[in-house]
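Chain residues, written in single-letter form:
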Amino acid sequence: MALITEMLENHPAGPRTSDPRLLVECLLACGECAQVCNACADACLSEEMVGELVSCIRIDLDCAEICATTSAVLSRTGATGPATASLLHACIAACAACAEECQQHAAMHPHCRICAEACRRCINACEKLLTSRG
């Protein structure tokens, strides 16, 4: 069991969402995506053709920040906070842009392929959580 699951189960206010499983999935996907995007930006900086990857690096870093912020807010408010839907939509948009950019470099740079996959997983988890909110 993920520690975040245990934390949410033991929160005095209760699960704060209709489906705690989807909240945990989204928290984990956002956290992983933030880490992967940061690592992809760092890997891009190590490439010989770094000049051609400037846009990718910027999008990676933006996506990482948005995913990390979304995860942080969700861990405090569950899926019920007033800004949650807006954050989830922003996270989806950032991940979609990052996945699209990284996919363009995926054949040449495996780190970009991995990043695009992390972004798609995050999009999926955010969309599921949004749908569960009604």
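The coordinates are above.
Keep in mind it's a predicted model, so treat the numbers as computed, not measured.

On to the environment of leucine 129, then. Tracing the chain through its elements places leucine 129 in helix H5 (residues 110-133). Given a relative accessible area of 0%, leucine 129 falls into the buried group. With near-sequence residues (within four places) excluded, leucine 129 lies in contact with Thr17, Leu22, Leu23, Cys26, Leu74, Ala79 and Leu88.

This next bit is on the packing of helix H2 (residues 20-46) against helix H4 (residues 84-105). Viewed as axis vectors pointing N to C, H2 and H4 meet at an angle of 40°, and their least axial separation amounts to 12 Å. As far as their axial angle goes, H4 and H2 are oblique. Every pair of crossing elements has a handedness; the one defined by H2 and H4 is left-handed. Residues Cys26, Cys30, Cys33, Cys37 and Cys40 of H2 form the contact with H4, whose participating residues are Leu88, Cys91, Cys95, Cys98 and Cys102. Tallied by class, residues from the contact of H2 with H4 come to 10 nonpolar, no polar and no charged.

Topologically, leucine 27 is positioned in helix H2. For the pair leucine 27 and threonine 70, spaced 43 residues apart in sequence, the C-alpha separation works out to 8.1 Å. When sequence neighbours within four positions are dropped, the list of residues in contact with leucine 27 reads Ile4, Leu8, Ser71, Leu74 and Ser75.

So, on to the nonpolar core. If you look at the biggest cluster of nonpolar residues, it comprises 42 residues, and the most contacted ones within it are Cys33, Cys63, Cys95, Cys119 and Cys122. Contributions of two or more residues to this core are made by H2, helix H3 (54-77), H4 and H5. Ranked by residue count, the leading element in this core is H2, at 14 residues.

Parameters at a glance
- Residues numbered from 1 in each chain as written.
- Predicted model: local features only at pLDDT ≥ 70, side-chain atom pairs only at ≥ 80, totals over all residues.
- Heavy atoms only, no water.
- Helix = DSSP H or I, 4+ residues; strand = E, 2+ residues; numbered from the N terminus.
- Buried < 20%, exposed > 50% of the residue type's maximum accessible area, 1.4 Å probe, protein only.
- Contact = heavy atoms within 4.5 Å.
- Axes fitted to C-alpha atoms, helices over the stretch in contact; angles between N-to-C directions.
- Parallel < 35°, antiparallel > 145°, perpendicular 65-115°, else oblique.
- Left-handed = near helix turned anticlockwise from the far one by under 90°.
- Nonpolar A, V, L, I, M, F, W, Y, C, P; charged D, E, K, R; others polar.
- Core = buried A, V, L, I, M, F, W, Y, C linked by side-chain atoms within 4.5 Å.

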